[in-house]
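Chain and residue survey
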Amino acid sequence: MADHSERQPTASAQRCERELPTVADTEALGRELARGLRAGDLVVLDGPLGAGKTALTRGIAAGLGVGGRVSSPTFVIARRHPAGPRADGPPVPLVHVDAYRLGGSLDELDALDLDTELDDAVVVVEWGSGVVERLTGRHLLVRMAREPESEVRTATWEWVAIGPGE
């Protein structure tokens, strides 16, 4: 398992919030968050269906410079996107995981070998809250919400440190 305990958070240690009126705004937030990400970072996306988790991941992928189409990996569970040119840092691949079908199963999570992926990639996990946090000592938690009867979404995010034994 990757040890990232000595690294400082690459984004604000405080909780941030932003209203996202359009999909383009959600993708722009993803590109912004990507500027602070590097290999070894785990991003946990939490929120209901239609909240914008995949759109945010598309923005993160664009910010990392990864190529190819980014869509929800629901049926393949995990999809690796190769590193591409990146203006603000070294190239880093993206591993996009949909943990919904794992149903909290630690055995299935272990079979994905995500702790190894964390050695050289940014790992973004949709539906991962309560399941994947144990993979690393800290993660970026992004909570997505969608207003009823509206396309407006809200994202809150913060770096969360997990202490030993938690």
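Residues numbered from 1 in each chain as written. Predicted model: local features only at pLDDT ≥ 70, side-chain atom pairs only at ≥ 80, totals over all residues. Heavy atoms only, no water.

**Overview of helix 2 (residues 53–64)**
Condition: Think of it this way: any DSSP run of H or I at least four residues long counts as a helix, any run of E at least two long counts as a strand, and we number them from the N terminus. In this scheme, a helix's expected span is set at 1.5 Å multiplied by one less than its residue total. For each residue, the accessible area found with a 1.4 Å probe, counting protein chains only, is set against the maximum for its type, and the residue is called buried under 20%, exposed over 50%, and partly exposed in between. Residue contacts are counted whenever heavy atoms from the two residues lie within 4.5 Å of one another.
Taking 1.5 Å as the rise per residue, helix 2 with 12 residues should run 16 Å; its terminal C-alpha atoms sit 16 Å apart, in good agreement. Residues Lys-53, Thr-54, Ala-55, Leu-56, Thr-57, Gly-59, Ile-60, Ala-61, Gly-63 and Leu-64 constitute the buried set of helix 2. Residues of helix 2 that are buried make contact with helix 1 (23–34), strand 2 (42–46), strand 4 (94–98), strand 5 (122–126) and strand 6 (138–146). The first or second residue beyond helix 2 is Gly-65, which carries a positive phi of 85°.

**A word on the pattern of salt bridges**
What counts here: Just to be clear on terms, a salt bridge is a Lys or Arg side-chain nitrogen sitting within 4 Å of an Asp or Glu carboxyl oxygen.
For the structure on display, the rule yields nine salt bridges. Note that Glu-151 is salt-bridged to Arg-146, the shortest N-O span being 2.5 Å. Residue classification places Glu-151 among the partly exposed residues on the basis of a relative accessible area of 46%. Overlapping salt bridges bring together Arg-146, Glu-151 and Arg-153 as one network.

**Comments concerning the sheet that holds strand 5**
What counts here: Two strands pair under a simple rule: DSSP has to find at least two bridges between them. Simply put, an axis is a line fit to the C-alpha atoms, just over the touching stretch for a helix, and the angle between two N-to-C directions goes from 0 to 180 degrees.
Judged by pairing direction, the sheet is mixed, and its seven strands sit side by side in the order 1-7-6-2-5-4-3 without closing on themselves. Strands at the two margins of the open sheet, each flanked by one partner only, are strand 1 (16–20) and strand 3 (78–81). Going from strand to strand, the sheet's axes swing by 20° on average, the running direction of each strand aside. In the sheet, strand 6 pairs with strand 7 (residues 153–161) via nine bridges, with the strands oriented antiparallel.

Such coordinate-based values are descriptive only and should not be taken to indicate function.
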